[in-house]
Amino acid sequence: MTEQGAYAHGAPNAGGETVNRDEIERFAAQSASWWDPEGSFRPLHRINPVRLQFVRRQLLAHFGRNPRDLRPFEELRLVDIGCGGGLIAEPMARLGFVVTGIDAAAPAIDVARAHAAANGLAVDYRVATAEQLAAAGERFDAALAFEIVEHVADHDAFFAALGALVRPGGALIGATLNRTAQSFALAIVGAEYLLGWLPRGTHDWNRFVRPSEFVLGLRRQGFAATRLAGLSYEWRRGEWAESDDLSVNYMVAAARR
């Protein structure tokens, strides 16, 4: 499940963006259920606690912040690319980041703004793409790109936008799906067709990105990978856990040189 579903399998549109408007509309139709833990985005609610632990741990180490502080990332700027309804952006704001959340789907941004306001959180939500922010000269200390790269039409262009958005000395954390037989069986056949965790057609296996491809794409834009970790589903407990198995879901932490 992508955070926004706005990036897709087709060619870049006339504006030079790697987004697919059909996918924006498809995910926008589900926007009302972003914060429903049993709704369309149930998989994200289940997997996010593990991802948030990884993000916090990696960024604490990268920026040398005190893990005992309630808001250890005060004054640092973070962009959540493909923020959807704000499931990751809000926790980042609570940790002290000055957060900008971007998504190409306006209904998702409307939901995110309303939820943040209801909870007294200041998050700068915008209907925008990574390419647009980069072209405008925006720079951040950290960027999150969760489950987006497998939906972009032009991986090189997307990685270039990430390189432009993160300042030297900053950090990036991404999450995506590996292109393996296991990922086809579990993420598509299992999650979409057998278990119904995701709407059918959510993913195109041919667009999945191997860890080596992700790391190389980042390296070309001035990043050095610092940590790779897998996300595995523990069937007996019905929970997600961080693991060393990169064959299906995995996360990448990288430092901008």
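Rules behind the numbers
Residues numbered from 1 in each chain as written. Predicted model: local features only at pLDDT ≥ 70, side-chain atom pairs only at ≥ 80, totals over all residues. Heavy atoms only, no water. Patch = residues over 30% accessible without salt bridge, like charges linked within 9 Å, V, L, I, M, F, W, Y side chains within 5 Å. Areas by Shrake-Rupley, 256 points an atom, 1.4 Å probe, with all protein chains shown as cover. Salt bridge = Lys/Arg side-chain N within 4 Å of Asp/Glu carboxyl O. Helix = DSSP H or I, 4+ residues; strand = E, 2+ residues; numbered from the N terminus. Expected span 1.5 Å × (residues − 1). Bend = angle between axes of the 7 residues up to and from the residue. Buried < 20%, exposed > 50% of the residue type's maximum accessible area, 1.4 Å probe, protein only. Polar contact = N/O pair within 3.5 Å; in protein donor to acceptor, adjacent residues only side chain to side chain. Phe/Tyr/Trp six-rings, centres within 6.5 Å; stacked < 30°, edge-to-face > 60°. Lys NZ or Arg CZ within 6 Å of the ring centre and 35° of its normal. Core = buried A, V, L, I, M, F, W, Y, C linked by side-chain atoms within 4.5 Å. Contact = heavy atoms within 4.5 Å. pLDDT = per-residue confidence, 0-100.

Remarks on a nonpolar patch on the surface
Turning to step 1, where the next piece is worked out: On the surface, a nonpolar cluster with roughly 730 Å² of combined accessible area is contributed by F184, L186, V189, Y193, L194, L195 and W235.
Turning to step 2, where the next piece is worked out: Topologically, V189 is positioned in helix α7 (residues 181–194).

Here we look at helix α2 (residues 42–63)
Turning to step 1, where the next piece is worked out: With 22 residues, α2 should reach 32 Å at 1.5 Å per residue; the first-to-last C-alpha distance of 32 Å fits that figure.
Turning to step 2, where the next piece is worked out: Along α2, the largest kink reaches about 40° and is centred on N48; proline P49 follows within four residues of it.
Turning to step 3, where the next piece is worked out: When we look at burial in α2, the residues that qualify are P43, L44, I47, N48, V50, R51, F54, V55, Q58, L59, L60 and F63.
Turning to step 4, where the next piece is worked out: After α2 finishes, the residue G64 shows a positive phi value of roughly 65°.

Here's the deal with the environment of T176
Turning to step 1, where the next piece is worked out: Looking at the element boundaries, T176 is found in strand β5 (residues 166–177).
Turning to step 2, where the next piece is worked out: The spatial distance from the C-alpha of T176 to the C-alpha of A145 is 8.7 Å, given a sequence separation of 31 residues.
Turning to step 3, where the next piece is worked out: Polar side-chain contacts of T176 include one of 2.7 Å to the side chain of E150.

Some details on the environment of I188
Turning to step 1, where the next piece is worked out: Secondary-structure assignment places I188 in helix α7.
Turning to step 2, where the next piece is worked out: With a relative accessible area of 8%, I188 lands in the buried category.
Turning to step 3, where the next piece is worked out: Residues I188 and D204, spaced 16 residues apart in sequence, show a C-alpha to C-alpha distance of 8.2 Å.

A short note on the packing of aromatic side chains
Turning to step 1, where the next piece is worked out: For the coordinates displayed, the defined rule picks out 7 aromatic pairs.
Turning to step 2, where the next piece is worked out: Geometrically, the ring pair formed by Y233 and W235 is edge-to-face, given 4.7 Å between the ring centres and 80° between the ring planes.
Turning to step 3, where the next piece is worked out: The class for Y233 is partly exposed, based on a relative accessible area of 22%.
Turning to step 4, where the next piece is worked out: Seen in terms of ring centroids, Y233 and W240 are 5.3 Å apart; in terms of plane orientation they differ by 65°. Their pairing is edge-to-face.
Turning to step 5, where the next piece is worked out: By relative accessible area, W240 is classed as buried at 17%.
Turning to step 6, where the next piece is worked out: A connected cluster of aromatic rings, assembled from ring pairs, spans F159, F214 and Y250.
Turning to step 7, where the next piece is worked out: Positioned over the ring face of F223 is R256, at 5.8 Å from the centre of the ring.

With respect to the pattern of salt bridges
Turning to step 1, where the next piece is worked out: If you walk through the whole model with that rule in mind, you get 14 salt bridges.
Turning to step 2, where the next piece is worked out: For the salt bridge of R42 with E38, the shortest nitrogen-to-oxygen distance reads 3.2 Å.
Turning to step 3, where the next piece is worked out: Look at R42 and you get partly exposed, because its relative accessible area is 32%.
Turning to step 4, where the next piece is worked out: When its relative accessible area of 52% is taken as the criterion, E38 is described as exposed.
Turning to step 5, where the next piece is worked out: A salt bridge links D124 to R126; the shortest N-O distance between them is 2.8 Å.
Turning to step 6, where the next piece is worked out: The partly exposed category is assigned to D124, whose relative accessible area is 32%.
Turning to step 7, where the next piece is worked out: In the salt-bridge network here, residues are joined through shared partners; they are R77, D124, R126 and E138.

Focus on the nonpolar core
Turning to step 1, where the next piece is worked out: Ranked by size, the top nonpolar core spans 41 residues in total, and within it L59, M92 and F97 carry the most contacts.
Turning to step 2, where the next piece is worked out: Those elements giving two or more residues to this core turn out to be α2, α3 (89–94), α4 (106–118), β4 (140–146), β5, β6 (223–234) and β8 (249–256).
Turning to step 3, where the next piece is worked out: If one sorts the elements of this core by residue count, α2 sits on top with 8 residues.
Turning to step 4, where the next piece is worked out: M92 has contacts with L52, V55, L78, F97, V99 and L144, leaving out every residue within four places of it along the chain.
Turning to step 5, where the next piece is worked out: Counting 27 residues, the second largest nonpolar core, distinct from the first, contains V209, L218, F223 and A254.

Side note on the confidence of the model for the protein
Turning to step 1, where the next piece is worked out: In the predicted model, the protein carries a mean pLDDT of 89, and 88% of its residues have values of at least 70.
Turning to step 2, where the next piece is worked out: Every residue in residues 1–16 scores below 50 in pLDDT, and together they form 70 contacts with partners more than four places removed in sequence or on other chains.

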